[in-house]
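One letter stands for each residue in the lines below.
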Amino acid sequence: MTARKNPGKKGGSAGKAGKTVKTTARKAGKTAKTTARKAGKTAKTTARKATPKASSPAAKTGRAKAAARSGRKAQATQRRVFSFGGGKADGRADMKAILGGKGANLAEMTTLGIPVPPGFTISTEVCAEFNQRGGKLPVEVKADVLTALANVEQLMDRRFGDPERPLLVSVRSGARASMPGMMDTVLNLGLNDRTVRGLAAMADDRFAYDSYRRFIQMYGDVVLGVPHDRFEHRLDAAKETRGVSLDTELTGEDWRKVVADYLAIVEETTGRPFPQDPQEQLWGAVGAVFSSWQNQRAIAYRRLNDIPDDWGTAVNVQCMVFGNMGDDCATGVAFTRNPSTGERNFYGEYLKNAQGEDVVAGIRTPQPINEESRAADTMSLPTLEAEMPKAYRELVRIYKRLEKHYRDMQDIEFTIQNGTLWMLQTRSGKRTTGAAVRIAVDMARERLITKEEAILRIDANSLDQLLHPTIDRDNAPPVVARGLPASPGAAVGEVVFSAEHAELRAKGGAKVILVRTETSPEDIVGMHASEGILTAKGGMTSHAAVVARGMGKCCVAGCGALAINYAQGVMRIGDHVVKEGDTITIDGSTGEVMLGTAPTVVPELGGAFSELMKWTDKIRTLHVRTNADTPEDARVARDFGAEGIGLCRTEHMFFEPGRILAVREMILASNARAREAALEKLLPMQRGDFEGIFRAMDGLPVTVRLLDPPLHEFLPTSDEDIHAVAQALGTSVGEVRHKLESLHEFNPMLGHRGCRLGITFPEIYAMQVRAITEAACRVAAEA
Amino acid sequence: MRSRATTRGSFLPHYVDAGLIQADPFVSIDEEGIGQLVRLGAKRGRATRPDLKLGVCGEHGGDPASVRFFASVGLDYVSCSPYRVPLARLAAAQAAVLVAQGGRAA
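Residues numbered from 1 in each chain as written. Chains lettered and ligands numbered in written order. Predicted model: local features only at pLDDT ≥ 70, side-chain atom pairs only at ≥ 80, totals over all residues. Heavy atoms only, no water.

Novice: Could you clarify how one ought to interpret the overall build of chain A in this entry?
Specialist: The helix and strand tally for chain A stands at 30 helices and 27 strands. For chain A, with 783 residues in total, the buried portion stands at 53%. Per element, the accessible surface of chain A, about 34000 Å² overall, is 52% carbon and sulfur. (Helix = DSSP H or I, 4+ residues; strand = E, 2+ residues; numbered from the N terminus. Buried < 20%, exposed > 50% of the residue type's maximum accessible area, 1.4 Å probe, protein only. Areas by Shrake-Rupley, 256 points an atom, 1.4 Å probe, with all protein chains shown as cover.)

Novice: Teacher, can you tell me more about the overall build of chain B here?
Specialist: Per the secondary structure count, chain B includes five helices and two strands. A total of 106 residues make up chain B; the buried ones form 42% of that total. The contacts of chain B with a sequence gap of at least 6 include a subset with a gap of at least 24, amounting to 48%. Accessible area of chain B: about 5500 Å², with a carbon and sulfur share of 56%. (Contact = heavy atoms within 4.5 Å.)

Novice: Before we go on, may I ask you to explain the confidence of the model for chain B in this structure?
Specialist: Detailed reading of the predicted coordinates is not advisable wherever pLDDT falls low. All names here are of chain B. In this model, chain B carries a mean pLDDT of 84, and residues with pLDDT of at least 70 account for 87%. Per-element averaging of pLDDT across chain B places helix 1 (residues 2–10) at the bottom with 44 and helix 3 (residues 34–48) at the top with 95. Note that pLDDT drops below 50 for residues 1–9; the model gives that stretch twelve contacts with residues more than four away or on any other chain. Note on the complex model: pTM 0.71, ipTM 0.91. (pLDDT = per-residue confidence, 0-100.)

Novice: So what exactly am I meant to see when it comes to the sheet that holds strand 10 (residues 410–417) of chain A here?
Specialist: In any sheet, the strands associate via hydrogen bonds between backbone groups, in a parallel or an antiparallel arrangement. Residue and element names in this part refer to chain A. Taken in spatial order, the five strands make up an open sheet running 9-8-7-10-11, and their pairing is antiparallel. A strand with exactly one partner marks an edge of an open sheet, and here the two such strands are strand 9 (367–368) and strand 11 (420–428). Where strand 8 (residues 347–352) and strand 9 come together, two bridges link them in antiparallel fashion. Within the sheet, the bridge partner assigned to Y350 lies in strand 9 and is Q367. Strands strand 10 and strand 11 of the sheet are contacted by helix 15 (residues 389–406), whose axis makes an angle of about 25 degrees with strand 11. (Pairing = 2+ DSSP bridges. Axes fitted to C-alpha atoms, helices over the stretch in contact; angles between N-to-C directions.)

Novice: I keep staring at a nonpolar patch on the surface and nothing clicks. Help me out?
Specialist: On the surface, a cluster of nonpolar side chains totalling about 300 Å² of accessible area is made up of F11, Y15 and L20 of chain B. By the secondary structure assignment, F11 of chain B is in the loop between helix 1 and helix 2 (12–17). (Patch = residues over 30% accessible without salt bridge, like charges linked within 9 Å, V, L, I, M, F, W, Y side chains within 5 Å. Salt bridge = Lys/Arg side-chain N within 4 Å of Asp/Glu carboxyl O.)

Novice: Got a minute to help me understand the interface of chain A and chain B in this structure?
Specialist: Counting residues at the interface gives 40 residues for chain A, matched by 37 residues for chain B. When the two sides are added together, the surface that chain A and chain B hide from each other amounts to roughly 3600 Å², 64% of it contributed by carbon and sulfur. At the junction of chain A and chain B, the tally comes to one salt bridge. For R89 of chain B, the salt bridge identified is with D617 of chain A, shortest N-O distance 2.7 Å. Counting every contact that joins chain A to chain B gives 14 residue pairs in polar contact (both at pLDDT 80 or more). (Buried area = accessible area lost by both parts, 1.4 Å probe. Polar contact = N/O pair within 3.5 Å; in protein donor to acceptor, adjacent residues only side chain to side chain.)

Novice: I keep staring at the packing of aromatic side chains and nothing clicks. Help me out?
Specialist: The way to describe two aromatic rings as a pair is by their centre distance and the angle between their planes. All names here are of chain A. What the rule picks out here adds up to ten aromatic pairs over all chains. Between F346 and Y392, the ring centres sit 6.3 Å apart and the planes meet at 45 degrees, which makes this aromatic pair tilted. Of this pair, F346 sits in the loop between strand 7 (330–335) and strand 8 while Y392 sits in helix 15; the two residues are 46 residues apart in sequence, bridging distant segments of the chain. Using a relative accessible area of 4% as the deciding quantity, one classes F346 as buried. (Phe/Tyr/Trp six-rings, centres within 6.5 Å; stacked < 30°, edge-to-face > 60°.)

Novice: What is the right way to read the sheet that holds strand 16 (residues 512–516) of chain A from this model?
Specialist: Residue and element names in this part refer to chain A. Pairing is mixed across the open sheet formed by eight strands, whose spatial order is 13-23-22-15-16-17-18-14. A single partner strand is all that each edge strand has here, and the edge strands are strand 13 (479–482) and strand 14 (484–487). For this sheet the average axis-to-axis angle between neighbouring strands, irrespective of direction, equals 30 degrees. Taken together, the three bridges between strand 15 (residues 490–496) and strand 16 define a ladder with parallel strand orientation. Paired with V496 across the two strands is L514, which belongs to strand 16.

Novice: Mind showing me how you'd approach unusual backbone geometry here?
Specialist: Leaving glycine aside, a negative phi is the common case for residues, and trans is the common case for peptide bonds. Residue and element names in this part refer to chain A. Residue N188 is not a glycine yet carries a positive backbone phi of 65 degrees. Mapped onto the elements, N188 comes out in strand 5 (residues 185–189). One non-glycine residue, R407, lies in the positive phi region at around 55 degrees. Along the chain, R407 falls in the loop between helix 15 and strand 10.

Novice: Explanation requested: the packing of helix 8 (residues 205–222) of chain A against helix 10 (residues 252–270) of chain A in the structure shown.
Specialist: Helices that pack against each other are described as a pair by the angle of their axes relative to one another and the distance between those axes. Residues and elements named next belong to chain A. Two elements in contact, helix 8 and helix 10, have axes whose closest approach is 8 Å; the angle formed by their N-to-C orientations is 20 degrees. Overall, the two elements helix 8 and helix 10 adopt an arrangement that is roughly parallel. When the axes of helix 8 and helix 10 are compared, the crossing they make is left-handed. Mapping the contact onto sequence places D205, R206, Y209, D210, Y212, R213, I216 and Q217 in helix 8 and G252, W255, R256, V258, V259, Y262, L263 and V266 in helix 10. Residue composition of the contact of helix 8 with helix 10, grouped by class: nine nonpolar, two polar and five charged. (Parallel < 35°, antiparallel > 145°, perpendicular 65-115°, else oblique. Left-handed = near helix turned anticlockwise from the far one by under 90°. Nonpolar A, V, L, I, M, F, W, Y, C, P; charged D, E, K, R; others polar.)

Novice: Mind showing me how you'd approach the pattern of salt bridges here?
Specialist: One side chain can pair with another of opposite charge once the charged atoms of both are near each other. Residue and element names in this part refer to chain A. Using the criterion set out here, one finds 53 salt bridges over all chains in the structure. Across the salt bridge formed by R297 and D184, the nearest N and O atoms sit 3.6 Å from each other. Placement of R297 in helix 12 (residues 296–304) and of D184 in the loop between strand 4 (169–175) and strand 5 is noted, with a sequence separation of 113 residues between them. According to the relative accessible area criterion, R297 is partly exposed, its value standing at 24%. The partner of R213 in a salt bridge is D210, with the nearest N and O atoms 2.9 Å apart. Residue R213 and its partner D210 are both found in helix 8; the two are separated by three residues, about one turn of the helix. Judged on exposure class, the residue R213 and its partner D210 are both buried. If you follow the salt bridges from partner to partner, you end up with D210, R213, R214, K239 and D247 in one network.

Novice: Can you walk me through the nonpolar core in this structure?
Specialist: Here is a general trend for soluble globular proteins: nonpolar side chains tend to be buried in one another's company. Residue and element names in this part refer to chain A. Formed by 140 residues in total, the largest nonpolar core has its most connected members in I122, V171 and L189. Among residues more than four places away in sequence, those in contact with L189 are F160, L167, L168, V169, V171, F215, Y219, P278, Q281, L282 and A285. Core analysis: the next-biggest nonpolar cluster, separate from the first, contains 40 residues, F654, L743, F761 and I772 among them. (Core = buried A, V, L, I, M, F, W, Y, C linked by side-chain atoms within 4.5 Å.)

Novice: What am I meant to see in the pairing of strand 17 (residues 532–535) of chain A here?
Specialist: Walk down a regular strand and you will see the side chains alternate between the two sheet faces. Residue and element names in this part refer to chain A. The alternating pattern of strand 17 places G532 and L534 and I533 and T535 on opposite faces, both of which are buried. Where strand 16 lies against strand 17, four bridges are found, and the strand directions are parallel. Within the sheet, the bridge partner assigned to R516 lies in strand 17 and is T535. With respect to chirality, the unit in which strand 16 leads through helix 20 (residues 524–529) into the neighbouring parallel strand 17 is right-handed. Sheet analysis places strand 17 next to strand 18 (residues 554–557), joined by three bridges and oriented parallel. Opposite G532, over in strand 18, you have C554 as the bridge partner. (Right-handed = clockwise from strand over helix to strand, strands pointing away.)

Novice: Explanation requested: the environment of L98 of chain B in the structure shown.
Specialist: Residue and element names in this part refer to chain B. Inspection of the secondary structure assignment puts L98 in helix 5 (residues 85–100). For L98, a relative accessible area of 23% corresponds to the partly exposed category. Between the C-alpha atoms of L98 and R68, which are 30 residues apart in sequence, the distance is 9.4 Å.

Novice: In this structure, what is going on with the packing of helix 8 of chain A against helix 11 (residues 278–292) of chain A? I would like to understand it.
Specialist: Residue and element names in this part refer to chain A. One can describe the packing of helix 8 onto helix 11 by two numbers: an axis separation of 10 Å at closest approach and a directional angle of 50 degrees. In terms of orientation, helix 8 lies oblique with respect to helix 11. By crossing handedness, the relation of helix 8 to helix 11 is classed as left-handed. Residues F215, Y219 and V222 of helix 8 lie in contact with helix 11, whose contacting residues are E280, Q281, G284, A285 and A288. Grouping the constituent residues of the contact of helix 8 with helix 11 by class yields five nonpolar, two polar and one charged.

Have a look at this one:
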């Protein structure tokens, strides 16, 4: 870490794995927007003028396409609600700008024939309109939504608000760039006192009333602004009354009572009964999701990730499928390749009998989907492959199809309802830089992409992360706890227990490790400010893990041995007590936690990295040299592929502790002879430096800059130093002080330095040139 | 160096936040300003001596956007700190790919 030259760029390198993905996503988005705009413009032109004047061929094609797209002609391009379902979709993957990433990919998957619950996407353009109109949906949009909803009803053979076969929907955000967890979601929408009975008839009371209370809670929180805690307290009370600790242990009757109380809480807080009309619920949820584009955490996330405020989010309304209807149900998240290492293994986690939010929230420990996903020292839980082989095989078939289609590693979400697999999301998966390199190189070798594409897929800034240090095992303190290796790298820092403290302490220059039971989207600024993140709960796809990987931060998640007491600012790890401010070390590559500071070492770079670098060398025309002032720097740079030294500064050589006194003697000497005597001492040291550098560069060009210091940087300031110089020069302290005053400059940057110094004190450069030449001769003689 | 550090700490971050500049010009070269001087220097220098070898050293040599710019103005090399060498090699290759694809390199 100490050798890295850009400590100030630490923040800059964060979030880079995510950025690689984003860049691609953004590019696609941009193209889509341009196309959409063009098409839109052309369409308008057509509508306004019956006979358009001469136009470019591109515009003609655009117009022809726009007109041909449907019988509705020009209106087709102004569509604001896009249906998908039953193998047909209005949208496509390249329409991220208006459909958002989620909506565009749901449409694309539907067209590919992949099982996606039917639904529709309200475009990002409506978001801007909605927020400008002070939170009102345009009437035409409402009409289009109802038409699209009718289409879903037909495809699913269910009706919205029907007491016997009710259609339930999810309402989710989906911006052009992924903003995980930043905006609001409402699930199970369409439930009310009547439809809940229909749902119960399809499954059972426990499931139906649990779903209803989840809906009231989410809707209450997101749309009606009823504090989340109020519901949670009630739920805790219910569990206490029954003497149980898990939600799943409550019966249908228990849930029915919880629902009644929840409804009362809503009425009490808002002064109005909970909306029973499904349509009213729908408009409320759609509005809340559009508004959530403007919430504080979404705004903060956009700042950190350079996402423009005017993009807006789309809203996806989709038929609910349930992973929590029984033991033949499940929900999970998977990556088509390992997002941490890049290995070509299908990798994921799932929870049986659970809703999707449970996996991401990290409340229950998820099971691995297959043996490859099993973490070395975690759980011996059964895999999806073993538990639901048919659904697993189907999932494998689909992931392969998706990866081939998108030509990139995908992050997918799925739900299995009564043994039937449904895909809920696919997107380019966030990955560590190491994984990004490995995946790009592997995919080029597999001929899925070209070498050029592989090169363009890596965000150059993110390579910094590959050079992140790892822990020096031989000299590290003992491991006191182990969690999941959620995001690689090593971090040493002071413990902080809140995101706010992390931010504050980091601003003060401290290196901190954020320790939380689990993280949530409000914590991102603090996470960004931290060196690393340690959580007590949650899996490899928990919020902490996903965000840390995206930021390129080291993270250990789900470290069950931690008992954190936020109020007292302490945590217990076994017998150890760690207070806020104590130093710990975490290793995100192994999941280990250590007390105190562990020394770190720079890692070996993998085979994929050298392969990629070889490809870059064949393609590029610009040469890359290094700035190196020491043999050590020169060696490191050679190992990284430097083709010479572009700048070798000599003043740094003068700063070394054993030399600075001789340098000061030289500067402060009152005559040339005294100066030469000082220079005589410096000559062998300089020559030695150059020999080392030339040897390391092994014949490659080295550009040396002769001494160019702003003079004041060398002058002694402390009494002690002044005394030492006076003694060395055999003069008085007063004499030295006088000399120092005479050397004072108003603007040292433009003062007595560089060639000016060379003209006034030619013997300095004479010594340096001699050292360089002699060193070159000696090294040449060795070879 | 000291003055640069002061500038960066005092007002540049505010400029970036306020959108007055896109990036800290000490991190990523200001193409419209200093970048034009580099372009001019390369052009005039090579007009006098076609085989003039030109390189840039310092922070910009390790900033991908700047590296792409330097590739596009035809410099021979960039020089950066050792740990940023791989990054500069990759950025230089990306510039070459983008040029070959007909896109603008910088």
